[in-house]
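Residues per chain are reported as follows:
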Amino acid sequence: MALVEIKNLHKSFGSNHVLRGIDFTVEQGEVVCIIGPSGSGKSTLLRCANLLEVPQEGQVFVRGEDITDRDCHLDAARQQIGMVFQQFNLFPHLSVLANCTIAQTTVLKRSKAEAEKVARANLDRVGLNDKVTAYPMQLSGGQQQRVAIARALSMDPALMLFDEPTSALDPELVGDVLTVMRKLALDGMTMLVVTHEMAFAREVADRVVFMDGGVIVEQGPPSEVIGNPKEERTRTFLRRVLDPTHVEPN
Amino acid sequence: MATDTETRPAQPDAERPGAIDAVPVRHPGRWVAIVVIAVLVAMLVHLLVTNKAFDWRFVFQAMNQQPVINGFIKGTLLVTVLSMIVGVAGGVLLAVMRLSDNPILAGVSWAFTWFFRSVPRYLLLFTMGTLGVLFPQGISFGVPFDWKLIDWLGLSGDWRFLNLDANQVFTGLAAGVIGLGLSEAAYMAEIARAGIMSVDKGQAEAAEALGMSSGKVMRRVVLPQAMRVIVPPTGNETIAMLKDTSLLLAVPVIGELFYQLQSIGSTYYKTFPIAVAATLYYLAATSVLMIGQYFLERHFGRGFGTNAPRAARPAGAGGA
C-alpha cells in the first residue's frame, strides 16, 4: 500500500483553478521532488497532502485512510506527516528546545523529559545541539530552517513534506539545509519536496514530478525528467531554470 | 570592485584633511524652553506650598480615615481587579467567537460588543443597580424552561440547583463588577481581536501541521504571541478601569474611595482638599500599575526584537 495516494485532486481559489485533477502516489521510503514554474500548483498539491488546503474534489489517502473524509481524525493523520515551510514558521515565543517539544507534550502526551530527549536527539541530527536555549530570532535563516526540520522530526513522522525549504534563504545558507535533507533521505525518510534546487533533485530524488498549469506533465527518475525530458513544456522550464541567461529563440 | 573605504588607507597621509575643529550644535530654543518651564515649575511649587486652600493636614487626615482606606481597597482596587478579570476573559472569548467561521458565534459577539460599547458606563452601572426588577423570583441555575418541561411530562417539582436573590446580585460591588466587567469585555474584544489577527497565519498552519487541535493552536501558539500586542492597550484599559470605579456611585456603591472622600468633604465643607486627596490616591495606584505593565510587556515580548540578547546572534553564515 502506498504511503500517500492522491486521487483526482481539484483545488480552486475563487475562479483560479489551481489543481486540475492530480493522481499521484508516494511509496514508503521514496524521495519525490516536485518541480515546475511558479503558479503551477506544486505548493498547493503539497499543502493538500496534510489538508492545510482543503481540495474541492478528490481524495487524499494516508496509509489507506481517506483524510478528506469528514469522519477522519485529521489531527491524528497530521501527526504522521511532518511539514517544513518556506518561511520556517518557528514559534518565536518559544526557545528552540520548546519549539521541538510543544507538540510532543501536547499532542503525543510524552513526558517533558522524554520529549526533551527526543528533541535534543533531533537537534543533534540537524547539527544544532548547541542552540537549544536560543530563541528563533537569534538564529540565522539556515539555522531556523534546520530547527524547523528538527521540530517536525520530533513527532516521528512517516512522511516529511518540504515546501520550498531553501527559497527564503540567503544563497550561502542553502547548503546547510540541503545537507540535512540529503542525510534524512539517506536515513530512509519518505520525503515529498517542492523545490527549485535542480542539483538536489537530480542527486537525491528517486522520482521527479514536473507540474505545470495544475497538472502533472511528466514524472520519472531524475535522469529522465531532468536529464532527458520527453515533454516540450518540461524542456522549456528546465532551459529557463538551468540557464537563466538563455533567451528563448523567437 | 573596490569601494571608497577600501582605497582610502592606500592614499598618502598628505592628502588627508586636518583634524576637524568641532563645535557643538547650539540649541538656543531649547534653553528658552528650559527657562520657561523652570519658572512655571517654581510657580507651581510656590502655589502648592503657600496656598492655604490646599490644607495639606486635612488632606492627609482624610486619606487616613478607615472608610476611605476600605473604599480604596475594596471599591477601587478589588473592583478593578475583578472587572478586568471578567473583561479580559470575556474579551478574549468574544474575539475568538468573532473570528470563528461560525456566523452565529460571530454575530453574537458582534451584537454584544455593539450593545456594551454603545451604553455609557455610568448609565450601565445605574441600570445594573436596578436589574433586580426583572427577576422578582430570583435567578436560578438549572434546566432552562424547566417548568414547561415538567408540565409536559406531568411531573412536579423543579430542576434547579442554585437560586440567587436577584436583588442581592444586582446590588453593591457585585453589580458594579458585572457592569464594569461586561463593558470592559466589549472593549477588550476589539483589542484581543487585533492581537490575534497580528499573529502570522503561518504560525497556526505550523501548529496544525504538527497535529495540534484548533483549541491547542489557539492557546499554546496564537494567544501567547497575540499577548505581545494585547498587553500594552490592556494596561491602558486597566488604568482607565481604576479611574472608572469612581462611577460605582451610580449603582449605588458607597464603599468606594471617591464617594467616601466626598462625604468627608461635604461634612467639613472642604471640597478642594478632598479632590487633592483623591488625586493622590489615584496617582499612587496608577503608578504601581504602570510598573506592573512594564514587567508584563517584558514577559510577553520575549523572543521578539529588542529584548533578544544580540550577542547570541551568529556573526555570519548558519554554520554551527
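Structure: above.
None of these values were measured; they are calculated from a predicted model.

Attention now moves to unusual backbone geometry. The phi torsion of most residues other than glycine is negative, and most of the peptide bonds are trans. At the junction of Val251(B) and Pro252(B), the peptide bond is cis and its omega measures out at 5° in the coordinates. Note that Pro252(B) resides in the loop between helix H11 (214–244) and helix H12 (257–268). Backbone geometry places Asp156(A), a non-glycine residue, at a positive phi of 50°. Along the polypeptide, Asp156(A) turns up in the loop between helix H5 (141–153) and strand E7 (159–163). The residue Asp55(B) is not glycine, and still its phi comes out positive at about 45°. Relative to the helices and strands, Asp55(B) resides in the loop between helix H2 (28–50) and helix H3 (56–63).

Facing the 36 residues of chain A at the interface are 31 residues of chain B. It is His93(A), Met137(A) and Gln138(A) in chain A that bury the most area against chain B; as a group they hold 24% of the surface buried on that side. Remark: the boundary between chain A and chain B carries 1 salt bridge. A salt bridge links Arg47(A) to Glu205(B), with the shortest nitrogen-to-oxygen separation between them at 2.6 Å. Inspection of the region where chain A meets chain B yields 5 residue pairs in polar contact (both at pLDDT 80 or more). Mapped onto the side of chain A that touches chain B, the elements with two or more residues apiece are helix H2 (74–79), strand E6 (81–84), helix H3 (96–106), H5 and helix H6 (171–186) of chain A. Considering every element that reaches the side of chain A that touches chain B, the biggest residue donor is H5(A), with 4 residues.

A few words on the packing of aromatic side chains. The geometry of an aromatic ring pair comes down to the distance between the two centres and the angle between the two planes. Scanning the model with the defined rule gives 10 aromatic pairs over all chains in all. With a centroid separation of 6.1 Å and 25° between ring planes, the pair formed by Trp56(B) and Phe60(B) is classed as stacked. Taken together, the positions of Trp56(B) and Phe60(B), both in helix H3 and 4 residues apart, correspond to about one turn of that helix. Take Phe60(B): its relative accessible area is 46%, and that puts it in the partly exposed class. Between Trp110(B) and Trp114(B), the ring centres sit 6.2 Å apart and the planes meet at 5°, which makes this aromatic pair stacked. Here the residue Trp110(B) and the residue Trp114(B) both occupy positions in helix H5 (residues 103–118), the gap between them amounting to 4 residues, near one helical turn. Accessibility expressed as a relative area gives 47% for Trp110(B), which makes it partly exposed. One aromatic cluster is present, formed by Phe54(B), Trp56(B), Phe60(B) and Phe272(B) through successive ring pairs. Of note, Arg151(A) hangs over the ring of Phe91(A), and the distance from its end group to the ring centre comes to 4.5 Å.

Definitions and limits used
Residues numbered from 1 in each chain as written. Chains lettered and ligands numbered in written order. Predicted model: local features only at pLDDT ≥ 70, side-chain atom pairs only at ≥ 80, totals over all residues. Heavy atoms only, no water. Helix = DSSP H or I, 4+ residues; strand = E, 2+ residues; numbered from the N terminus. Contact = heavy atoms within 4.5 Å. Buried area = accessible area lost by both parts, 1.4 Å probe. Salt bridge = Lys/Arg side-chain N within 4 Å of Asp/Glu carboxyl O. Polar contact = N/O pair within 3.5 Å; in protein donor to acceptor, adjacent residues only side chain to side chain. Phe/Tyr/Trp six-rings, centres within 6.5 Å; stacked < 30°, edge-to-face > 60°. Buried < 20%, exposed > 50% of the residue type's maximum accessible area, 1.4 Å probe, protein only. Lys NZ or Arg CZ within 6 Å of the ring centre and 35° of its normal.

Note that all results are geometric; they support no functional claim without further evidence.
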